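# Summary of structural features
Below, each chain spelled out in residue letters.
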Amino acid sequence: MGRDVIIACDFASAEDTFKFLDKFEGKKPFVKIGMELYYAEGPSIVKEIKKRGHKIFLDLKLHDIPNTVKKAMAVLSNLDVDMTNLHASGTKRMMEAAIEGLTKPDGTRPILIAVTQLTSTDQESMENDLLIKEPIDKVVMHYASCAKAAGLDGVVCSPLEAGKVHDTCGKDFVTVTPGVRFADGDKGDQKRVMTPEEAKKIGSDYIVVGRPITAAEDPVAAYERCCREFIG
Ligand code: C5P
């Protein structure tokens, strides 16, 4: 699995997304399409970005009964994305069903990764709202192990957790890490951040970078800097 920088295209419309991607001219960065853009524009946004030659991480975080997730994954598989995801809290059975749905008749499928505990969930909200009393680190590693046991390829996690996920689930288990900022950049609302260089050192396989690139004065230069620091 090659290391790569994924740009979070958190735009509200296809128009804004293409205005942004047009700046890259010949380059074809790996892009993440999240709920906002997908729900605004539908599957056509995936097809159009794919047609332009980009790899796509479709970040829709599925979570439902196994049969529904299996069928939804089969639809997403037809969109020919490169990576997609679901919530590990949907259980191992749901994750296994997702793989069944995602796998094409020729046996290939996109990379499938799991969200463990969202980084917006802290120990207190997990205990009070979800009634999970174990330490959050332990819960994250347990969910990652369940995802691995179900046959998934990896997890979304904070860069600070990537090393431990590799220790627990093996170095081939993919870690996709948001929360990346340049050393001299603005943190925005992200609390626990790492530079691309630090994320590389700790062993992240993919970093997901949004505003440090999308809100930069020169997004192409910011993307290239990210690639230099993370990939080398
Ligand atoms: O702009 P920024 O670099 O903070 O964007 C990070 C991207 O990663 C956003 O699309 C955000 O929704 C996503 N993400 C995150 N933290 C998670 C999971 C996803 O920041 N735990």
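Basis of the calculations
- Residues numbered from 1 in each chain as written.
- Predicted model: local features only at pLDDT ≥ 70, side-chain atom pairs only at ≥ 80, totals over all residues.
- Heavy atoms only, no water.
- Axes fitted to C-alpha atoms, helices over the stretch in contact; angles between N-to-C directions.
- Helix = DSSP H or I, 4+ residues; strand = E, 2+ residues; numbered from the N terminus.
- Parallel < 35°, antiparallel > 145°, perpendicular 65-115°, else oblique.
- Left-handed = near helix turned anticlockwise from the far one by under 90°.
- Contact = heavy atoms within 4.5 Å.
- Nonpolar A, V, L, I, M, F, W, Y, C, P; charged D, E, K, R; others polar.
- Near = heavy atom within 4 Å.
- Polar contact = N/O pair within 3.5 Å; in protein donor to acceptor, adjacent residues only side chain to side chain.
- Areas by Shrake-Rupley, 256 points an atom, 1.4 Å probe, with all protein chains shown as cover.
- Phe/Tyr/Trp six-rings, centres within 6.5 Å; stacked < 30°, edge-to-face > 60°.
- Buried < 20%, exposed > 50% of the residue type's maximum accessible area, 1.4 Å probe, protein only.
- Lys NZ or Arg CZ within 6 Å of the ring centre and 35° of its normal.

### Some words on the packing of helix α1 (residues 14–22) against helix α3 (residues 43–51)
At a closest axis distance of 11 Å, the pairing of α1 and α3 adopts a crossing angle of 15°. Between α1 and α3, the angle falls in the class roughly parallel. Relative to α3, the crossing made by α1 is right-handed. Here A14, T17, F18 and L21 of α1 lie close against α3, whose contacting residues are I45, E48 and I49. Looking at the contact of α1 with α3, its residues break down into five nonpolar, one polar and one charged.

### Some remarks on the site of the ligand
With respect to spatial proximity, the complete set of residues near the ligand consists of A8, D10, K32, T119, P178, R181, Q190, V208, V209, G210, R211 and P212. In this structure, R181 approaches the ligand through a side-chain N or O atom, which is 2.8 Å from an oxygen atom. R211 places a side-chain nitrogen or oxygen 2.7 Å from an oxygen atom of the ligand. For the ligand, whose accessible area on its own is 460 Å², the fraction buried by protein is 81%. Mapped onto the shell around the ligand, the elements with two or more residues apiece are β8 (206–209) and α10 (211–214). Residue classes in the shell around the ligand are distributed as five nonpolar, three polar and four charged.

### Topic: the packing of helix α4 (residues 66–78) against helix α5 (residues 92–102)
At their nearest, the axes of α4 and α5 sit 7 Å apart, and the two run at 30° to each other. In this view, α4 runs roughly parallel relative to α5, as classed from their interaxial angle. As α4 packs across α5, the resulting crossing turns out to be right-handed. Note on element contacts: α5 touches α4 through R93, M94, A97, A98, E100, G101 and L102, opposite P66, V69, K70, M73, A74 and S77. Residue composition of the contact of α4 with α5, grouped by class: eight nonpolar, two polar and three charged.

### Re the packing of aromatic side chains
By the definition in use, this model includes five aromatic pairs. Taken together, a centroid distance of 5.3 Å and an interplanar angle of 65° make the contact between F20 and F24 edge-to-face. Each member of the pair, F20 as well as F24, is classed as buried. Through a chain of ring-to-ring contacts, the aromatic side chains of F11, F20, F24 and Y223 assemble into a single cluster. The side chain of R3 reaches across the aromatic face of F230, ending 5.8 Å from its centre.

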